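For reference, the chains in residue letters:
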Amino acid sequence: MSIREDRRTVVTGIGVVAPNGTTTETFWKQTQDGMSVLDRVTREGCEELPLHVAGEVRGFDPVSLIEERYLVQTDRFTHFAMAAADMALDDARLGRADYEDNPFSVGVVTAAGSGGGEFGQRELQRLWGQGSKYVGPYQSIAWFYAASTGQISIRGGFKGPCAVVASDEAGGLDALAHAARSVRRGTDAVVVGAAEAPLAPYSVVCQLGYRDLSACEDPTRAYRPFTADACGFVPAEGGAMFVLEEEGAARERGARVRAEIAGHAATFTTAMRWEESREGLAHAIEGALREAGCAPEEIDVVFADALGVPEADRAEALALADALGAHGRRVPVTAPKTGIGRAYCGAPVLDAAAAVLAMENGQIPPTPNVFEVCHDLDVVTGRARAAELRTALVLSRGLMGSNAAMVLRRPDGRGA
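Residues numbered from 1 in each chain as written. Predicted model: local features only at pLDDT ≥ 70, side-chain atom pairs only at ≥ 80, totals over all residues. Heavy atoms only, no water.

As recorded in an unreviewed UniProt entry, the chain goes by the name Beta-ketoacyl synthase N-terminal-like domain-containing protein, listed as coming from Streptomyces laculatispora. Quoted verbatim from the Sequence similarities (unreviewed entry) heading of the UniProt record, the comment on the chain is "Belongs to the thiolase-like superfamily. Beta-ketoacyl-ACP synthases family." (UniProt positions renumbered as here; feature names shortened; annotations may be inferred.)

Written as structure tokens, this is what we have:
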């Protein structure tokens, strides 16, 4: 089915599980206040590994949120996704009564990069320590990167177009775009987002091969993009889920329209050769602006990828200048993830959630732990900055070379 230009895709629900808050409201308050929750890694089995600082989700109790029959089948990353999906559906006021006559009208899309490392490690330990008969039947599905899409679909009774996006860290934005285009092709609603749980020992060991991972032991200095102290990124767990709907249908049923998915584009450049990401990211920004019908000077805030690697930070600053011209040096830039870490595919959707909330509240959240910026960017530091925000640009790059840009717009250029 072709894309219909008369169908606009809007956000009607947001759910967040993050290191700085396991509800959307808490996440936004902590983000707006510029709170950093980066700390020493405390996950069991990780204490002796050479990863010292991370963004851990604490105080999250899946037993109180997810039915036992789903809980035993799934890994922590899917627990995050299911809990966030519930919040997003509640926020959108989209219940079974709205789609029970046509369950094919609602789809599910998620992105994932690490999959169910904790579940998989536990079952493999049982295999080698006790024997194959001690390995549970759900080992075959719980680790799989598509598990969150499947379980959210089954649990909610959603039988519309479902997908999983595997395109590196930028997959979080790509999943939102995939869902938005599904809506524009005729699907009524899509539950979409990403959540990761990459802090199990096996998962951490896999990440130790990333040369851009921060080895700093001081949580206040471990993740400082755009500064002379930049020494890599800090990983995190968590993510966000959204409900996307066709604008007319959403308004007809009385849903609150929170933002429009206005434009998106993606490119690919060489893995971890950050100087080459300048061109790729600039092309993605230009493509997203074209799809949104947005001029560079209309961008009111940029939620940066902010890798924290000097070469990558420089490439991002230059890409903004290439794509936005002189406006790229004037537009406010923020990276709230420096206070919670990069949750891989979950990172850009957390930025997208923060962007929607920033537009609603007229506040650009600051970039925690960042003080003296060494690039030609107007990075918001210290405290939130009040601003009239109509259009936000969210950027993401993956370690393996994916680049993505997304334009989010406040509904009709006004408050929701």
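From this point, things continue past the structure.
## Things to note about the overall build of the chain
Broken down by element type, the chain carries 14 helices and 15 strands. In terms of overall dimensions, the chain has C-alpha extents of about 65 × 55 × 35 Å along its principal axes. Put simply, of all contacts in the chain between residues at least 6 apart along the chain, 79% involve residues at least 24 apart. Total accessible area on the chain is roughly 15,900 Å²; 50% of this is exposed by carbon and sulfur atoms. In the chain, 41 positive and 56 negative side-chain charges are present, and the distance between their average locations comes to 2 Å. (Helix = DSSP H or I, 4+ residues; strand = E, 2+ residues; numbered from the N terminus. Contact = heavy atoms within 4.5 Å. Areas by Shrake-Rupley, 256 points an atom, 1.4 Å probe, with all protein chains shown as cover. Lys, Arg positive; Asp, Glu negative; His and termini not counted. Charge placed at Lys NZ, Arg CZ, Asp CG, Glu CD.)

## Quick look at helix 12 (residues 310-324)
If you check helix 12, its first and last C-alpha atoms are 21 Å apart, about what 15 residues at 1.5 Å a residue would give, namely 21 Å. All of the buried residues along helix 12 are Ala312, Asp313, Ala315, Glu316, Ala317, Ala319, Leu320, Ala323 and Leu324. Turning to helix 12, the residues buried within the fold contact helix 11 (274-292), strand 9 (301-303), helix 13 (327-330), strand 10 (332-334) and strand 14 (391-397). Glycine 325 lies just past helix 12 and shows a positive phi near 65 degrees. (Expected span 1.5 Å × (residues − 1). Buried < 20%, exposed > 50% of the residue type's maximum accessible area, 1.4 Å probe, protein only.)

## Thoughts on the environment of alanine 317
Along the chain, the position of alanine 317 falls in helix 12. Between the C-alpha atom of alanine 317 and that of aspartate 376, which follows or precedes it by 59 residues, the distance is 7.0 Å. If near-sequence neighbours (up to four positions away) are discounted, alanine 317 is found in contact with His375 and Leu377.

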